[in-house]
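# Structural overview
Chain by chain, the residues:
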Amino acid sequence: MKSLSGREEIVLKLVRLGAIAFLTSSLVSAQASSAGVQQEVVVEGERLPDLKAPPPPGIKKQGNTLAVAQVDDQSQIFQRCVKFKPSDSLRNIVDGQPNSPQHEYSLDRFIRVNVACYPSAQQPAPEEPGYSYCRAVIGNDRLPICRSYYDRGAIIAGALAHFAPDAVLTPSDVANREVQKRLDEREAKRLALALPADKARMQIAECLVMSQPEDTTRLVRAHETPALQVQYVYRILDRGKVCLGGITPVRIEPLYFRYVLSEAFYRWVVAAKGVDTLIPVS
């Protein structure tokens, strides 16, 4: 087995301390609403399982499928309706520090500015920065689903698709020590205020992207087909077990975790390009 990089060793230490539990973060599992398609799909010459295929052994979907699919559908509707234009609010959402006041107010402001696109907008609107709060939806299993997590994930995925549709990661990119150093330094600052669960989840995701850069590129490019992205989530987790510390089963909500992997991909691409953001100046 190949020797681990410093980043992989850090992630494995976190996992062994129980950080793998943060992959779920009380968010429940679902297939995308379009997962009813049953034919096999061929992407870039590589055959994938049926879009309704269950996760591989050792990976378990968590929670209420219907409730999460509904929440994710609403975030997807918002993403497709929004006109992505460079702005300070968008940069703060995508590149800012999670859990900072600036980040929370920017997410709230972005939704308010585009509220005509926002399904089931609250009436009256919550006080600022209410749209950045969890705003939990409770599924039949009684587990809360934080809508703001899906909104933020959909916004970052939309910005990536709009501003960097041809972004790609290769094994040589993630193996480059200078790229790794830039990623580590940038993430140490960016995640300084993040909740422990969010920080651990992102570090695990960045390890997974490092271990499977090509499959993560395919996942990101399949952004218009959530059910296909779910299959890539399963594949990346299955092939990236070095990042999971041997913990089984891994319980995951795949629709949400596709956003986590897409964001981790964004972080690696920024580091590989040696830039601060992929969003152009206004």
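Residues numbered from 1 in each chain as written. Predicted model: local features only at pLDDT ≥ 70, side-chain atom pairs only at ≥ 80, totals over all residues. Heavy atoms only, no water.

### Overview of the pattern of salt bridges
Which entries qualify depends on this criterion: Every case where a carboxyl oxygen of Asp or Glu lies within 4 Å of a side-chain nitrogen of Lys or Arg is listed as a salt bridge. Note on conventions: DSSP H or I runs of at least 4 residues are helices, E runs of at least 2 residues are strands, and numbering of each starts at the N terminus. Using a 1.4 Å probe on the protein chains alone, a residue whose accessible area is under 20% of its type maximum counts as buried, one over 50% counts as exposed, and one in between counts as partly exposed.
Per the counting criterion, the structure on display carries 17 salt bridges. For E263, the salt bridge identified is with R152, shortest N-O distance 2.9 Å. Of this pair, E263 sits in helix 11 (residues 254–273) while R152 sits in helix 5 (residues 147–163), and the two are 111 residues apart along the sequence. A relative accessible area of 7% places E263 in the buried class. Exposure remark for R152: the relative accessible area of 15% places this residue in the buried category.

### So, the packing of aromatic side chains
Selection rule: Pairing of aromatic rings covers Phe, Tyr and the six-membered ring of Trp, with a centre-to-centre limit of 6.5 Å; geometry is then stacked below 30 degrees between planes, edge-to-face above 60, and tilted otherwise. A ring has a charge above it when a Lys NZ or an Arg CZ is no more than 6 Å from the ring centre and no more than 35 degrees off the ring normal.
One pass over the structure, following the stated rule, counts seven aromatic pairs. An angle of 85° between the planes, with centres 5.2 Å apart, marks the rings of F78 and Y118 as edge-to-face. Note that F78 is positioned in helix 2 (residues 65–81) and Y118 in the loop between helix 4 (101–113) and strand 4 (137–138), a separation of 40 residues in sequence. Y118 shares its class with F78; the two are buried. Site record: aromatic cluster; members linked through ring pairs are F78, F84, F110, Y118 and Y131. Sitting over the ring of Y259, R258 keeps its end group 4.3 Å from the ring centre.

### Side note on the packing of helix 8 (residues 196–211) against helix 11
The condition that has to hold: What counts as an axis is a line fitted to C-alpha atoms, over the stretch in contact for a helix, and the angles between N-to-C directions run from 0 to 180 degrees. For classification purposes, an angle smaller than 35 degrees is called roughly parallel, one larger than 145 roughly antiparallel, one from 65 to 115 roughly perpendicular, and anything else oblique. The crossing is said to be left-handed when, going from far helix to near helix, the turn is anticlockwise and less than a right angle, and right-handed when the turn is clockwise. In what follows, a contact means two residues having at least one pair of non-hydrogen atoms within 4.5 Å. When residues are sorted by character, Ala, Val, Leu, Ile, Met, Phe, Trp, Tyr, Cys and Pro go into the nonpolar class, Asp, Glu, Lys and Arg into the charged class, and all the rest, Gly among them, into the polar class.
Taken N-terminus to C-terminus, the directions of helix 8 and helix 11 make an angle of 70°; their axes are 8 Å apart at the nearest point. Judged on the interaxial angle alone, helix 11 and helix 8 are roughly perpendicular. The two elements helix 8 and helix 11 meet at a crossing, and its hand is right-handed. Each of R201, M202, A205, E206, L208, V209 and M210 in helix 8 lies in contact with helix 11, whose residues at this interface are Y256, F257, V260, L261, E263, A264, F265, R267 and W268. Each residue belonging to the contact of helix 8 with helix 11 can be placed in one class, and the counts come to 12 nonpolar, no polar and four charged.

### Looking at the state of the cysteines
Spelled out, the test is: Any two cysteine sulfur atoms within 2.5 Å of one another count as a disulfide.
In the structure shown here, the tally under the stated rule is three disulfides. Across the disulfide from C134 sits C146; the S-S distance is 2.0 Å. Of note, the bridge from C134 to C146 carries an S-S torsion of about -90° and is left-handed in sense. One end of the pair, C134, is in the loop between helix 4 and strand 4; the other, C146, is in the loop between strand 5 (144–145) and helix 5, with 12 residues separating them in the sequence. With relative accessibility at 14%, the residue C146 sits in the buried group. A disulfide bridge connects C207 with C243, and the sulfur atoms are separated by 2.1 Å. Handedness of the C207-C243 disulfide follows from its S-S torsion of about -80°: it is left-handed. Note that C207 is positioned in helix 8 and C243 in the loop between helix 10 (226–239) and strand 6 (250–252), a separation of 36 residues in sequence.

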